[in-house]
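So you can see what is in the structure, the chains are spelled out below.
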Amino acid sequence: MISEASKARFAREVAKYPADQKQSAVMACLSIAQQELGYVSEEIERDVAQYLGMPVMAVHEVTSFYNMYNQRPVGRYKLNVCTNLPCQLRDGVNTLQYLEKKLGISMGQTTPDGLFTLQQSECLGACADSPVMLVNDRSMCSFMTPEKLDQLVDGLRAAGDQ
């Protein structure tokens, strides 16, 4: 299921480590697989484990520990809202609730059109900018007021419809 192009990228990541420590590339390999396939299935975990010569359970422990790995299909836009204490104190929970209402879904769900998946996350490391959220595990959004949330969601929805 993993393409040869992704396996070539795996090899470049593995080459960064001593031969007896190639399992150190597990996070990079999981990210590469997810970029290609959209999520990390049990089959992908097995393939990565076999490629790196490590137990499948060890790969699954990584996949299930970090919320940047999707263990099931997600929407085109994955919205992770920080609900850790500093963000809670500055409207992080209200931000999550606002998005639930705006998108018509609960945390952990995907909109019927497949555009948005809403998740909560632990600390995103930008406490001074709270409330914060991460879009598709790549773009940090800070100081998320209802107005900024509307702009973000409406802009992503417009881009997703094209």
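Every value quoted in this text rests on a predicted model; they were computed, and no experiment measured them.

Engineer: Sorry, what's going on with the overall build of the protein chain here?
Structural biologist: On a plain count of helices and strands, the protein chain comes out with seven helices and four strands. Listing every helix and strand of the protein chain by position from the N terminus yields α-α-α-α-β-α-α-β-β-β-α. Over its C-alpha atoms, taken along the principal directions, the protein chain stretches across nearly 50 × 35 × 25 Å. Across the 162 residues that make up the protein chain, the buried fraction comes to 39%. Residue pairs at least 24 apart in sequence account for 61% of intrachain contacts in the protein chain once pairs closer than 6 positions are excluded. By element, 52% of the accessible surface of the protein chain is carried by carbon and sulfur atoms, the whole surface being about 8,800 Å². Treating the 15 positive side-chain charges of the protein chain as one cloud and the 19 negative ones as another, the clouds have centres 3 Å apart.

Engineer: Got a minute to help me understand the sheet that holds strand β4 (residues 139–141) in this structure?
Structural biologist: Hydrogen bonds along the backbone pair up the strands of a sheet, which may run parallel or antiparallel. Pairing is mixed across the open sheet formed by four strands, whose spatial order is β2-β1-β3-β4. With partners counted over all chains shown, the strands left at the sheet margins are β2 (116–121) and β4, one partner each. Neighbour-to-neighbour, the strand axes of the sheet open up by a mean angle of 25 degrees, direction not taken into account.

Engineer: Please explain the packing of helix α3 (residues 42–52) against helix α4 (residues 56–65) as it appears in this structure.
Structural biologist: Packed helices, taken two at a time, are described by the angle their axes make and the gap between the axes. Remark: α3 packs on α4, axes separated minimally by 8 Å, with the N-to-C direction vectors making an angle of 120 degrees. With respect to α4, the element α3 is oriented oblique. Of the two possible hands of crossing, α3 and α4 adopt the one that is right-handed. Contacts between α3 and α4 pair Glu 45, Arg 46, Val 48 and Ala 49 from the former with Val 56, Val 59, His 60 and Thr 63 from the latter. Tallied by class, the residues present in the contact of α3 with α4 amount to four nonpolar, two polar and two charged.

Engineer: Please clarify how the state of the cysteines should be interpreted in this entry.
Structural biologist: One covalent bond between the sulfur atoms of two cysteine residues makes up a disulfide. This structure, assessed with the given rule, holds zero disulfides. Considering cysteine sulfurs only, Cys 87 is the nearest to Cys 141, which forms no disulfide, with 12 Å between them. With a relative accessible area of 14%, Cys 141 lands in the buried category.

Engineer: What exactly am I supposed to notice about the layout of surface pockets here?
Structural biologist: A water-sized probe, rolled over the atoms, reveals where empty space remains. Size it by volume and the largest pocket reaches roughly 280 Å³. Along the wall of the largest pocket there are 14 residues; nearest its centre are Gln 34, Gln 35, Asn 70, Asn 136 and Asp 137. No other element matches helix α2 (residues 26–37), which puts three residues into the lining of the largest pocket. For the lining of the largest pocket, the residue count by class is three nonpolar, seven polar and four charged.

Engineer: Any chance you could explain helix α6 (residues 92–103) here in plain terms?
Structural biologist: Side chains of residues three or four places apart in an α-helix project in the same direction, reflecting 3.6 residues per turn. Compared with the 16 Å implied by 1.5 Å per residue over twelve residues, the 16 Å span of α6 between its first and last C-alpha is a close match. Taken as a whole, α6 has its buried residues at Gly 92, Thr 95, Leu 96, Leu 99 and Leu 103. Looking straight down α6, one finds its buried side chains confined to an arc of 100 degrees; they lie on one side. Looking at the buried positions of α6, the neighbouring elements they touch are β1 (77–82), α5 (85–88), β2, β3 (133–135) and α7 (146–160). Once α6 ends, the next one or two residues include Gly 104, with phi positive near 75 degrees.

About the thresholds
Residues numbered from 1 in each chain as written. Predicted model: local features only at pLDDT ≥ 70, side-chain atom pairs only at ≥ 80, totals over all residues. Heavy atoms only, no water. Helix = DSSP H or I, 4+ residues; strand = E, 2+ residues; numbered from the N terminus. Buried < 20%, exposed > 50% of the residue type's maximum accessible area, 1.4 Å probe, protein only. Contact = heavy atoms within 4.5 Å. Areas by Shrake-Rupley, 256 points an atom, 1.4 Å probe, with all protein chains shown as cover. Lys, Arg positive; Asp, Glu negative; His and termini not counted. Charge placed at Lys NZ, Arg CZ, Asp CG, Glu CD. Pairing = 2+ DSSP bridges. Axes fitted to C-alpha atoms, helices over the stretch in contact; angles between N-to-C directions. Parallel < 35°, antiparallel > 145°, perpendicular 65-115°, else oblique. Left-handed = near helix turned anticlockwise from the far one by under 90°. Nonpolar A, V, L, I, M, F, W, Y, C, P; charged D, E, K, R; others polar. Disulfide = S-S within 2.5 Å. 1 Å grid on protein atoms, 1.4 Å probe; cavity = no way out; pocket = protein on both sides within 12 Å on 5 of 7 lines; lining within 4 Å. Points joined across faces, edges and corners; volume = space filled by probe spheres on them. Expected span 1.5 Å × (residues − 1). Arc of directions from axis to C-beta.

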